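# A closer look at the structure
Listed here are the chains, written in short residue letters.
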Amino acid sequence: AQSVTQPDIHITVSEGASLELRCNYSYGATPYLFWYVQSPGQGLQLLLKYFSGDTLVQGIKGFEAEFKRSQSSFNLRKPSVHWSDAAEYFCAVGVASGGGADGLTFGKGTHLIIQP
Amino acid sequence: NAGVMQNPRHLVRRRGQEARLRCSPMKGHSHVYWYRQLPEEGLKFMVYLQKENIIDESGMPKERFSAEFPKEGPSILRIQQVVRGDSAAYFCASSPTSGDSEFNTQYFGPGTRLTVL
């Protein structure tokens, strides 16, 4: 079974500073990888995804993530954070089987705090 | 194109009552997933359905919980005889059919927050 680890429960970053959120996964093959963001009381919004091909993927809101097979990692980055980026960030792994995709396995999330 | 819709957004039930949570997938999506988010925990997969079929229910509690996705109408997650431990946010996600380039991408609804008194 696959698993996802987000080692940082909380991260505090100053507005305008760069950001990197860590994500490590465990799975025997190359999974599908996702980053979602959740604001308080809201649903999850897809930031970006990796299926195959170029290991550096671009997402919405200026986010990017890099898939590193050798490190089983899929870290999320942003060069300059804005106060509106404060939220909970979830890394997720999925696999495809049969005619569709299985349920996703999520990390426990990283709570991002932005300091003015 | 409307996103995934869930209702109600908030639901309060007393212990022993039934809770029914509804999910309408995005237009053109035929796969529905239900997840539960408990306080201090991440999201946990519960069940994966296609129209009129349960594909994977490995994450569903064995008792009191059931799900359906009928030919017509929304998907329903049903919790019978609720207990305080069922208090959580329940999220629905949908994805397109296989053959679509996005078929393994899940889009989430706003969730239903269930409170059991």
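So, here is what we can say about the structure in this document. Predicted model only: the values in this text are computed from it and were never measured.

Each helix and strand counted, chain B has zero helices and 11 strands in total. Along chain B, helices and strands appear, N-terminal first, in the series β-β-β-β-β-β-β-β-β-β-β. The globule rule puts the C-alpha radius of gyration for 117 residues at 13 Å, and the 14 Å found for chain B is close to it. Expressed along its principal axes, the backbone C-alpha trace of chain B runs to roughly 45 × 25 × 25 Å. Split into buried and exposed, the 117 residues of chain B put 45% on the buried side. A separation of at least 24 residues holds for 54% of the contacts in chain B among residues at least 6 apart in sequence. With the model as given, the accessible surface of chain B reaches about 5900 Å², and the carbon-plus-sulfur share is 46%.

Glancing now at the state of the cysteines. In the structure shown here, the tally under the stated rule is two disulfides over all chains. At a sulfur-sulfur separation of 2.0 Å, the disulfide partner of cysteine 23 of chain A is cysteine 91 of chain A. In this structure the cystine formed by cysteine 23 of chain A and cysteine 91 of chain A twists about its S-S bond by roughly -65°; its chirality is therefore left-handed. Taken together, the residues span a long stretch of sequence, with cysteine 23 of chain A in the loop between strand E3 (19-21) and strand E4 (24-26) and cysteine 91 of chain A in strand E10 (residues 87-94) at a distance of 68 residues. Given the relative accessible area of 0%, cysteine 23 of chain A is considered buried. Judged by its relative accessible area of 0%, cysteine 91 of chain A falls in the buried class. Shown here is the disulfide that connects cysteine 23 of chain B with cysteine 92 of chain B, its sulfur atoms set 1.7 Å apart. Around the S-S axis, the bridge from cysteine 23 of chain B to cysteine 92 of chain B shows a dihedral of about -50° and counts as left-handed.

Further remarks concern the interface of chain B and chain A. Residue-level contacts link 22 residues of chain B with 22 residues of chain A. Between chain B and chain A the total buried area reaches about 1800 Å² when both faces are included, carbon and sulfur atoms providing 54% of it. Sorting the residues of chain B by area buried against chain A places Leu43, Asn104 and Phe108 of chain B first, and these three jointly supply 30% of that buried surface. For the pair chain B and chain A, the number of links is zero salt bridges. The element best represented in the side of chain B that touches chain A is strand E4 (residues 29-37) of chain B, accounting for four residues. Across the side of chain B that touches chain A, the residue classes tally to 10 nonpolar, nine polar and three charged.

All right, on to the environment of lysine 61 of chain A then. Residues and elements named next belong to chain A. Within the fold, lysine 61 resides in the loop between strand E7 (56-58) and strand E8 (64-68). Exposure remark for lysine 61: the relative accessible area of 45% places this residue in the partly exposed category. Apart from residues no more than four positions distant in its own chain, lysine 61 is found in contact with Gln45, Leu47 and Lys78. A distance of 3.1 Å separates polar atoms of two side chains, one belonging to lysine 61 and the other to glutamine 45.

Looking now at the pairing of strand E8 (residues 75-79) of chain B. All names here are of chain B. In terms of burial, E8 is largely enclosed, as four of its five residues are buried. Across five bridges, the pairing between strand E3 (residues 19-24) and E8 is antiparallel. Across the sheet, arginine 20 pairs through a bridge with arginine 78, a residue of E8. The hairpin turn running from strand E7 (residues 65-68) into E8, its antiparallel successor, is six residues long, and glycine 73 in that turn takes a positive phi close to 95°.

What follows covers unusual backbone geometry. Residues and elements named next belong to chain B. Cis geometry marks the peptide bond from asparagine 7 to proline 8; its omega dihedral reads -5°. When you line up the elements, proline 8 lands in the loop between strand E1 (5-7) and strand E2 (10-13). One non-glycine residue, glutamate 52, adopts positive backbone phi at about 65°. Assignment of secondary structure puts glutamate 52 in the loop between strand E5 (43-50) and strand E6 (53-56). For glutamate 52, a relative accessible area of 57% corresponds to the exposed category. At glutamine 81, a residue that is not glycine, the phi angle is positive and equals roughly 45°.

Reading guide: rules and limits
- Residues numbered from 1 in each chain as written.
- Chains lettered and ligands numbered in written order.
- Predicted model: local features only at pLDDT ≥ 70, side-chain atom pairs only at ≥ 80, totals over all residues.
- Heavy atoms only, no water.
- Helix = DSSP H or I, 4+ residues; strand = E, 2+ residues; numbered from the N terminus.
- Rg over C-alpha atoms; globule rule 2.2 N^0.38 Å.
- Buried < 20%, exposed > 50% of the residue type's maximum accessible area, 1.4 Å probe, protein only.
- Contact = heavy atoms within 4.5 Å.
- Areas by Shrake-Rupley, 256 points an atom, 1.4 Å probe, with all protein chains shown as cover.
- Disulfide = S-S within 2.5 Å.
- Buried area = accessible area lost by both parts, 1.4 Å probe.
- Salt bridge = Lys/Arg side-chain N within 4 Å of Asp/Glu carboxyl O.
- Nonpolar A, V, L, I, M, F, W, Y, C, P; charged D, E, K, R; others polar.
- Polar contact = N/O pair within 3.5 Å; in protein donor to acceptor, adjacent residues only side chain to side chain.
- Pairing = 2+ DSSP bridges.

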